[in-house]
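Below, each chain spelled out in residue letters.
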Amino acid sequence: MPPPTFDPARARALNCITDRFVQEGLVAPSLGDGHLVPALAWVDDSVFHVEASAGQLCSKLAVAVAVVHEEFLKVGLRANYAAGKTEAILTFRGKGSSQAAQRFHREQCGVIVAMNEYDGPIKVRSVGHYKHLGGFITGNLSLHPEIRTRSGQAMAQLQGLKKQVLGNGALPLQPRRQILQSLGASVLTLHAGAWRPLRQCETKAWDANVHRLYHQLIPRNPDGTFPHWTMLKLACHAKAPMPHALLHLRRLRVLVQLCRCLDTTIFQNIMLDWTVAGTGSWLAGLLESVKWAKSNMDDREWPAALDDLLSQDNWWELAPQWCHLRKLFRKAEAQHLQRNSMCLELIEAKAQHDDQLRQCGWHKTGDEEKICAVPDGEDLSVCSHCQRGFKNVAALGVH
């Protein structure tokens, strides 16, 4: 069915499904006025959310499948229940969740069965993950598949450009940076703004993939090996944020977009995620990102409403200021890049100074600077004040 005809029919069905979910008691707890929307259109797909205790989950899922099937039939649409088309992801949380999951797969073989008076039994399989627009949504909420997929697709976009373009030192650096950002970084960070705070293992995987992306600008050595550069040096060479800052900036971009189209439903869903997931929610990650941005900015330009995003009034106050927020976060990014450059210059200056000291005969052992041992038979340069001997005149001058 063409989109001009399909979209209005689907929108009508989703509205009816929402009302039926509320009547059947399938919706999540409400926050404030009204209920959270359990039926949403996600580009060309539809998403339905059901919450229940372990003992009622299977029965409520069967009711939800029957409601969805009936309402789509009323507008002339029929759901496709083939593999990869209509499926369910079940997440069990709390005490006894493992036993409930095992019982579901043992007794029902991982299949949800609903009855319809016209089509008879309707079967919907439960799966471990759902793939949509190149991203993965998993039942255990792990972001490892998503990070691996994003990195693989970014490398596929840059395939063939490493040797001839990106790693070619004969070409200007700025065009190569732009190619890396447009073809690589945009793919790697496609869904990063909507991620929850990363776990420790996921953070390491993310850092490794960003390091791998930035390393595309470094040419090989004449012997075919790659030079070893630190993450800070790679980020400065690519004129791009560090891995943690890259996540913060993507979350802040999502905040700007939410302020542009803010309504009560959006705020209620954000707060529900905060209430249920707490420090593992998207809002918790956003609070960290806002704190990071504030550390890179002048307090005189900082809106006071950003300091308390748990208040609905502050969200409504920020909504008309979305354009100012976008400029503010761009300044934070510029300040971050400037700090990276300054840190790299200090590190390189220290390394150069240490190298000069070593050439003058000094070496560091623990926290004390000591002079290298002088072989027997060599002349010493003696200090006239303390009568200490040094290997050469340069070491004496440093002393």
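Residues numbered from 1 in each chain as written. Predicted model: local features only at pLDDT ≥ 70, side-chain atom pairs only at ≥ 80, totals over all residues. Heavy atoms only, no water.

A.B. asks: Explain a positive patch on the surface to me, and be specific about the residues and the numbers.
C.D. replies: Together, Arg 253, Arg 260, Arg 326, Lys 327 and Arg 330 make up a region of like positive charge exposed at the surface. Elements that contribute at least two residues to the positive patch include exactly helix H9 (243-260) and helix H13 (322-359). With three residues, the single largest contributor to the positive patch is H13. In this structure, Arg 330 sits in helix H13. (Patch = residues over 30% accessible without salt bridge, like charges linked within 9 Å, V, L, I, M, F, W, Y side chains within 5 Å. Areas by Shrake-Rupley, 256 points an atom, 1.4 Å probe, with all protein chains shown as cover. Salt bridge = Lys/Arg side-chain N within 4 Å of Asp/Glu carboxyl O. Lys, Arg positive; Asp, Glu negative; His and termini not counted. Charge placed at Lys NZ, Arg CZ, Asp CG, Glu CD. Helix = DSSP H or I, 4+ residues; strand = E, 2+ residues; numbered from the N terminus.)

A.B. asks: Could you give me a rundown of the packing of aromatic side chains, with the residues and numbers involved?
C.D. replies: Enumeration over the complete set of coordinates arrives at three aromatic pairs. An angle of 45° between the planes, with centres 6.4 Å apart, marks the rings of Phe 21 and Phe 48 as tilted. Separated by 27 residues along the polypeptide, Phe 21 in helix H1 (residues 3-24) and Phe 48 in strand S2 (residues 45-48) bring together distant segments of the chain. Seen from their ring centres, Phe 267 and Trp 315 are 6.2 Å apart, and the 65° between their planes marks the pair as edge-to-face. Taken together, the residues span a long stretch of sequence, with Phe 267 in helix H10 (residues 264-277) and Trp 315 in helix H12 (residues 312-318) at a distance of 48 residues. Note on accessibility: Phe 267 and Trp 315 belong to one class, buried. The ring of Trp 229 carries Lys 233 above its face, with NZ or CZ at 4.4 Å from the centroid. (Phe/Tyr/Trp six-rings, centres within 6.5 Å; stacked < 30°, edge-to-face > 60°. Buried < 20%, exposed > 50% of the residue type's maximum accessible area, 1.4 Å probe, protein only. Lys NZ or Arg CZ within 6 Å of the ring centre and 35° of its normal.)

A.B. asks: Lay out unusual backbone geometry with the relevant residues and their values.
C.D. replies: For Cys 109, which is not glycine, the phi torsion reads 55° and is therefore positive. For Cys 109, a relative accessible area of 62% corresponds to the exposed category. Although it is not a glycine, Lys 239 adopts a positive phi angle of roughly 55°. Tracing the chain through its elements places Lys 239 in the loop between helix H8 (231-238) and H9.

A.B. asks: Can you lay out the pattern of salt bridges for me, pointing to particular residues and giving the numbers?
C.D. replies: Scanning the entire structure with this criterion turns up eleven salt bridges. With a shortest N-O distance of 3.4 Å, Arg 20 and Glu 70 are connected by a salt bridge. Note that Arg 20 is positioned in helix H1 and Glu 70 in helix H2 (residues 57-74), a separation of 50 residues in sequence. Two residues, Asp 355 and Arg 358, come together in a salt bridge whose shortest N-O distance is 3.9 Å.

A.B. asks: Describe the nonpolar core, listing the residues and the values that go with them.
C.D. replies: Ranked by size, the top nonpolar core spans 31 residues in total, and within it Leu 180, Trp 195, Trp 206, Val 210, Leu 213, Tyr 214 and Met 231 carry the most contacts. Sorting the residues of this core by element identifies helix H4 (144-157), helix H6 (173-188), helix H7 (200-214), H8 and H9 as the ones contributing at least two each. The element contributing the most residues to this core is H8, with six residues. In this structure Tyr 214 touches Leu 180, Met 231, Leu 234, Ala 235, Ala 238, Ala 240, Pro 241 and Leu 246, once residues within four positions along its chain are discounted. Counting residues in hydrophobic clusters, the runner-up holds 29 residues, among them Trp 282, Trp 315, Ala 319 and Leu 325. (Core = buried A, V, L, I, M, F, W, Y, C linked by side-chain atoms within 4.5 Å. Contact = heavy atoms within 4.5 Å.)

A.B. asks: Quick rundown of H9? Include the residues and the values.
C.D. replies: The first and last C-alpha atoms of H9 sit 27 Å apart over 18 residues, in line with the 26 Å expected at 1.5 Å per residue. Among the 18 residues in H9, 13 count as buried, and that is most of the element. (Expected span 1.5 Å × (residues − 1).)

A.B. asks: Just give me the short version of the sheet that holds strand S4 (residues 111-116), but keep the residues and values in it.
C.D. replies: Taken together, the three strands give an open sheet; going across it, the order is S3-S5-S4, and neighbouring strands pair in mixed fashion. Taken across any chain shown, the strands that pair with only one partner, and hence form the sheet edges, are strand S3 (87-88) and S4. The pairing of S4 with strand S5 (residues 120-126) spans six bridges and is classified as antiparallel. Bridge assignment links Ile 112 to a residue of S5, and that residue is Val 124. This element, helix H3 (residues 97-108), spans S4 and S5 of the sheet and lies at about 60° to S4. (Pairing = 2+ DSSP bridges. Axes fitted to C-alpha atoms, helices over the stretch in contact; angles between N-to-C directions.)

A.B. asks: I'd like to hear about the packing of H6 against H7, residue by residue, with values.
C.D. replies: Two elements in contact, H6 and H7, have axes whose closest approach is 11 Å; the angle formed by their N-to-C orientations is 170°. Regarding the angle of H6 to H7, the classification is roughly antiparallel. Crossing geometry of H6 relative to H7 is assigned as right-handed. On H7, the residues touching Leu 180, Gly 184, Ala 185 and Leu 188 of H6 are Trp 206, Asn 209, Val 210, Leu 213 and Tyr 214. Broken down by class, the residue content of the contact of H6 with H7 amounts to seven nonpolar, two polar and no charged. (Parallel < 35°, antiparallel > 145°, perpendicular 65-115°, else oblique. Left-handed = near helix turned anticlockwise from the far one by under 90°. Nonpolar A, V, L, I, M, F, W, Y, C, P; charged D, E, K, R; others polar.)

A.B. asks: Requested: an account of the environment of Gly 120, with residues and values cited.
C.D. replies: Position of Gly 120 relative to the elements: it lies in strand S5. Classification of Gly 120 as buried rests on a relative accessible area of 17%. Filtering out sequence-adjacent residues up to four positions away, Gly 120 remains in contact with Ala 114 and Met 115.

A.B. asks: Tell me about the packing of H10 against helix H11 (residues 282-295), and please be specific about residues and values.
C.D. replies: Geometry of a packed helix pair, given as the angle between the helix axes and the separation of the axes. Taken N-terminus to C-terminus, the directions of H10 and H11 make an angle of 95°; their axes are 7 Å apart at the nearest point. With respect to H11, the element H10 is oriented roughly perpendicular. Each of Ile 270, Met 271, Asp 273 and Trp 274 in H10 lies in contact with H11, whose residues at this interface are Trp 282, Leu 283, Ala 284 and Leu 287.

A.B. asks: Mind laying out the confidence of the model for the protein chain, listing which residues take part and the relevant values?
C.D. replies: The pLDDT averaged across the protein chain works out to 83; a share of 89% of its residues lies at or above 70. Taken element by element, the predicted model of the protein chain shows its lowest mean pLDDT in strand S9 (residues 368-371) (46) and its highest in H9 (94). Segment residues 367-374 is flagged for pLDDT under 50; beyond a separation of four residues in sequence, or across chains, it makes 16 contacts in the model. (pLDDT = per-residue confidence, 0-100.)

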